[in-house]
Amino acid sequence: MTVVAKFEIHYSQFLDPQGKVVAPLPEFASDPRNLAALYRWMVLMRAYDAKAIALQRTGQIGTFASLLGHEAINAGIASAMERDDVFLMTYRDNGVELMRGVTLKELFLYWGGDERGSNFSGPRRDFPICITIAAHATHAVGVAYAMKLRRERRAAVCALGDGATSKGDFYEAINAAGAWKLPVVFALTNNQWAISVPRAKQSAAQTLAQKAIAAGIEGLQVDGNDVIAVCHAMDEALNRARSGGGPTLIEALTYRLSDHTTADDATRYRSPDEVAEAWKLDPIVRLRTHLMAGGAWDKAKEDALLKECNDQVQAAAQAYLDTPPPTAAQMFDHLYAQLPAALARQRAAALGETQE
Ligand SMILES: Cc1ncc(C[n+]2csc(CCOP(=O)(O)OP(=O)(O)O)c2C)c(N)n1
Ligand SMILES: [Mg+2]
């Protein structure tokens, strides 16, 4: 027999869990000011996350999907993207949105069930949150196809989870992206769980990154708790995409430290020991340890940042709570330029009811 093809999947990490540098740093990471800026965003994400859960627990927003543990991935994706790139997101990418200019108040509005939260002040061509698992992977291919047709130097970024890689839409999307050599990056967060389904039951594949091989696209794994690794991989993939080099699938390994959503109780299907082990890989602690060891961060800066983030989040939550509720008609107002007749009748009926 002859070997007709051979493949390898590479893994990259620059900071180990103790914050120690284990590989030569990419240029941006050798300036601690750049890393401190990413750190600030990651701490803001965590403060936002805690506030959102508190708002849900007190009945002031609806179900919320926490991004606890995903901060390095969120920050890495956002920092590598240009404003002109287009982001197609899931419900667990609020940190990317924040860094792209969506406001904290808009995020709270979204989770409060207010359509105006999706009409955000971030890049207007970014897509709204896609709850339907993997459906937006095909949309990302459409967006990237348009960019290629128009010969624009831009790329689409599709964020998705480990569970999403089991969906037909995902395979169709990476296949088309490869066949048409499109400027798209699939940023896959492998957080080990799809609600209560563990990674081991999700796929028999050794890595999820290797799914790229069948599509004929670049595929790699990175430590998703190492913001430098995520940022570097995203940066290279986006540069390749924008310059006509085709798509990439990046599998970032992390752990969903929270319940799936506030409607879930993960203690029913996973052990406290597993979660405790995962906390040892906390991306925020890792980056802080690294910054402190190099003298770029200290306790005074940390205390000031925590206060600043909490104040910012409190003010945004208050602004959300002070926003007059939407009228019943507004739920019809954001999907169609021209409302189909059946929905127009429903809109009129809703208005009539609220006027009574
Ligand atoms: C098409 C579709 N099927 C089922 C669901 C219900 N559902 C919501 S989240 C989820 C798990 C997704 O897991 P993963 O892709 O790993 O993302 P994570 O929640 O871990 O970020 C499922 C099955 C859905 N939203 N859409
Ligand atoms: Mg998952």
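Values in this document were obtained by computation on a predicted structure and should not be read as measured data. (Residues numbered from 1 in each chain as written. Chains lettered and ligands numbered in written order. Predicted model: local features only at pLDDT ≥ 70, side-chain atom pairs only at ≥ 80, totals over all residues. Heavy atoms only, no water.)

**Digging into the site of ligand 1**
Stated precisely, the cut-off is as follows: When at least one non-hydrogen atom of a residue lies within 4 Å of a molecule or strand, that residue is treated as near it. N or O atoms closer than or at 3.5 Å make up a polar contact, with two conditions inside protein: a donor-capable atom paired with an acceptor-capable one, and, for residues adjacent in sequence, both atoms drawn from side chains. Here the Shrake-Rupley method, with its probe set to 1.4 Å, supplies the accessible areas, and only the displayed protein chains count as covering residues. Side-chain classes are defined by residue name, with Ala, Val, Leu, Ile, Met, Phe, Trp, Tyr, Cys and Pro counting as nonpolar, Asp, Glu, Lys and Arg as charged, and the others, Gly among them, as polar.
The full set close to ligand 1 counts 15 residues, and Tyr91, Arg92, Gly163, Asn191 and Trp193 are the nearest of them. Note that an oxygen atom of ligand 1 is positioned 3.0 Å from one of the side-chain N or O atoms of Asp162. A distance of 2.8 Å separates an oxygen atom of ligand 1 from a polar backbone atom of Trp193. Here ligand 1 has 580 Å² of accessible area as a free molecule, and 71% of this is covered by the chains. Its residues assigned to classes, the shell around ligand 1 shows seven nonpolar, five polar and three charged.

**Here we look at the packing of helix α5 (residues 135-149) against helix α6 (residues 168-179)**
Definition in use: Only the stretch in contact is used when fitting a helix axis, every axis being a line fitted to C-alpha atoms; angles between N-to-C directions are given from 0 to 180 degrees. Counting from the N terminus, the helices are the DSSP runs of H or I reaching at least four residues and the strands are the DSSP runs of E reaching at least two. Relative orientations are named as follows: roughly parallel for angles under 35 degrees, roughly antiparallel for angles over 145 degrees, roughly perpendicular for angles from 65 to 115 degrees, and oblique for any other angle. By convention the crossing between two helices is left-handed if the near helix lies anticlockwise of the far one by an angle smaller than a right angle, and right-handed if it lies clockwise. By definition, residues are in contact when any of their heavy atoms lie within 4.5 Å.
As a packed pair, α5 and α6 sit with axes 7 Å apart at the nearest point and diverge in direction by 20°. When the axis of α5 is compared with that of α6, the two are roughly parallel. The way α5 lies across α6 gives a crossing that is left-handed. Across from Ala135, Ala137, Thr138 and Val141 in α5, the residues of α6 making contact are Asp169, Phe170, Glu172, Ala173, Ala176 and Ala177. Classifying every residue of the contact of α5 with α6 by side-chain character gives seven nonpolar, one polar and two charged.

**Focus on the pattern of salt bridges**
Oppositely charged side chains may form a pair once their charged atoms are brought near each other. The condition that has to hold: Each salt bridge in this description consists of a side-chain nitrogen of Lys or Arg and a carboxyl oxygen of Asp or Glu lying within 4 Å of one another. In this scheme, a residue with accessible area under 20% of its type's maximum is buried, one over 50% is exposed, and one in between is partly exposed, where area comes from a 1.4 Å probe on protein chains only.
Applying the stated rule across the entire model yields 17 salt bridges. Where Glu302 meets Arg288, a salt bridge forms, and the shortest distance between an N and an O atom there is 3.2 Å. Of this pair, Glu302 sits in helix α12 (residues 299-321) while Arg288 sits in helix α11 (residues 283-293); the two residues are 14 residues apart in sequence, bridging distant segments of the chain. When its relative accessible area of 24% is taken as the criterion, Arg288 is described as partly exposed. Linking Asp303 and Lys299 is a salt bridge whose minimum nitrogen-to-oxygen distance equals 2.7 Å.

**Examining the pairing of strand β4 (residues 184-190)**
Basically, it comes down to this: At least two bridges found by DSSP between two strands is the condition for calling them paired. Think of it like this: strands point away, you trace from the first strand over the helix to the second, and a clockwise trace means the crossover is right-handed.
Counting buried residues in β4 gives seven out of seven residues, a clear majority hidden from the surface. Every second residue of β4 is oriented toward a common face, with Val184, Phe186, Leu188 and Asn190 on one face and Val185, Ala187 and Thr189 on the other, all of them buried. Where strand β3 (residues 156-161) lies against β4, six bridges are found, and the strand directions are parallel. Among the inter-strand pairings, Ala156 is bridged to a residue of β4, identified as Val184. At this point the chain moves from β3, through α6, to the parallel β4, and the crossover so formed is right-handed. Pairing between β4 and strand β8 (residues 248-253): six bridges, direction parallel.

**Section: the coordination of the magnesium ion (ligand 2)**
To keep it simple, the criterion reads: Donor selection uses N, O and S atoms within 2.8 Å of the metal (3.2 Å for Na, K and Ca). Since no water is included, sites may look incomplete.
For the magnesium ion (ligand 2), the protein coordination sphere consists of Asp162 (OD), Asn191 (OD1) and Trp193 (O), at 2.1 to 2.2 Å. Mapped onto the sequence, the donors of the magnesium ion (ligand 2) take the spacing D-x28-N-x1-W. Remark: Asn191 occurs in the loop between β4 and β5 (193-194) and Asp162 occurs in the loop between β3 and α6; sequence separation between them is 29 residues. Just as Asp162 is buried, Asn191 falls in that class too.

**Points about the sheet that holds β3**
Sheet architecture is open: six strands sit in the order β1-β7-β8-β4-β3-β2, paired in parallel fashion. Two strands in the sheet have a free side with no partner beyond their single neighbour: β1 (11-12) and β2 (86-88). Direction of pairing for strand β7 (residues 218-223) relative to β8: parallel, over a ladder of six bridges. From the neighbouring strand, Gly219 faces β8, where its bridge partner is Leu249. On the sheet, α5 packs against β2, β3 and β4 and is oriented at approximately 170° with respect to β3.

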